[in-house]
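For reference, the chains in residue letters:
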Amino acid sequence: MPEKPILLERLTDENQHHAYGIDREDIPEEWVDTADTIIELNHYGLEHRLLGHTFLAYLGEACIGLILIGEAIPWETDPIEMQGVPFYRVMGFVVDRAYRSKG
């Protein structure tokens, strides 16, 4: 039987309540953002017209994660080949603990 694909859905005001069911209580907030933080960053980006998107990740009916991808602001630590080239970076993400370490 084939595995179910992970589906991404853009985060909206109507579906953001699904993000609050993601179990990440075992990880300190200093290491991984909470759903609240990612949703707040998403709203900030929308209000300031920043380039990027936030997605809920679903496996079947279960919301298993949240990811924020945004236009990269250059950092000193970026590889030399990325200098002067527009690109996106993962700004924040969280995966439900029941779905981690599964590849």
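The sections below set out a description of the structure shown in this document.

Rules and cut-offs
Residues numbered from 1 in each chain as written. Predicted model: local features only at pLDDT ≥ 70, side-chain atom pairs only at ≥ 80, totals over all residues. Heavy atoms only, no water. Helix = DSSP H or I, 4+ residues; strand = E, 2+ residues; numbered from the N terminus. Buried < 20%, exposed > 50% of the residue type's maximum accessible area, 1.4 Å probe, protein only. Lys, Arg positive; Asp, Glu negative; His and termini not counted. Salt bridge = Lys/Arg side-chain N within 4 Å of Asp/Glu carboxyl O. Contact = heavy atoms within 4.5 Å. 1 Å grid on protein atoms, 1.4 Å probe; cavity = no way out; pocket = protein on both sides within 12 Å on 5 of 7 lines; lining within 4 Å. Points joined across faces, edges and corners; volume = space filled by probe spheres on them. Nonpolar A, V, L, I, M, F, W, Y, C, P; charged D, E, K, R; others polar. Core = buried A, V, L, I, M, F, W, Y, C linked by side-chain atoms within 4.5 Å. Pairing = 2+ DSSP bridges. Axes fitted to C-alpha atoms, helices over the stretch in contact; angles between N-to-C directions.

Secondary-structure assignment places Asp96 in the segment after strand S4 (88-95). Look at Asp96: it is buried, it has no salt bridge, and the nearest opposite charge is Arg97 at 6.3 Å. Setting aside its immediate chain neighbours within four residues, Asp96 contacts Gly21, Ile22, Asp23 and Ile64.

Considered as a void within the structure, the largest pocket measures approximately 450 Å³ in volume. What lines the largest pocket is a set of 20 residues, among which Gly45, Leu50, Leu51, Leu68 and Gly70 lie closest to the centre. Secondary-structure elements contributing two or more residues to the lining of the largest pocket are helix H1 (35-47), strand S2 (52-59) and strand S3 (62-71). Split into classes, the residues belonging to the lining of the largest pocket amount to 11 nonpolar, seven polar and two charged.

Nonpolar side chains in soluble globular proteins tend to end up buried together. Counting 14 residues, the largest nonpolar core has Ala19, Ile22, Leu56, Leu66 and Val94 as the members making the most contacts within it. Looking at this core, the elements that each hand over two or more residues are H1, S2 and S3.

A few words on the side chain of Gln16. Looking at where Gln16 falls in the secondary structure, it is placed in the loop between strand S1 (6-10) and H1. What Gln16 contacts, discounting residues up to four positions off in sequence, is Leu11, Ile39 and His43.

What follows deals with the sheet that holds S2. Strand order in this open sheet of four strands is S1-S2-S3-S4, and the pairing throughout is antiparallel. The open sheet is flanked by S1 and S4, the only strands paired with a single partner. Direction aside, neighbouring strands of the sheet carry axes that sit 25 degrees apart on average. Sheet analysis places S3 next to S4, joined by seven bridges and oriented antiparallel. Its bridge partner being in S4, Glu71 is matched across the sheet by Tyr88. Those strands touched by H1 are S2, S3 and S4, and its axis lies near 40 degrees from that of S3.

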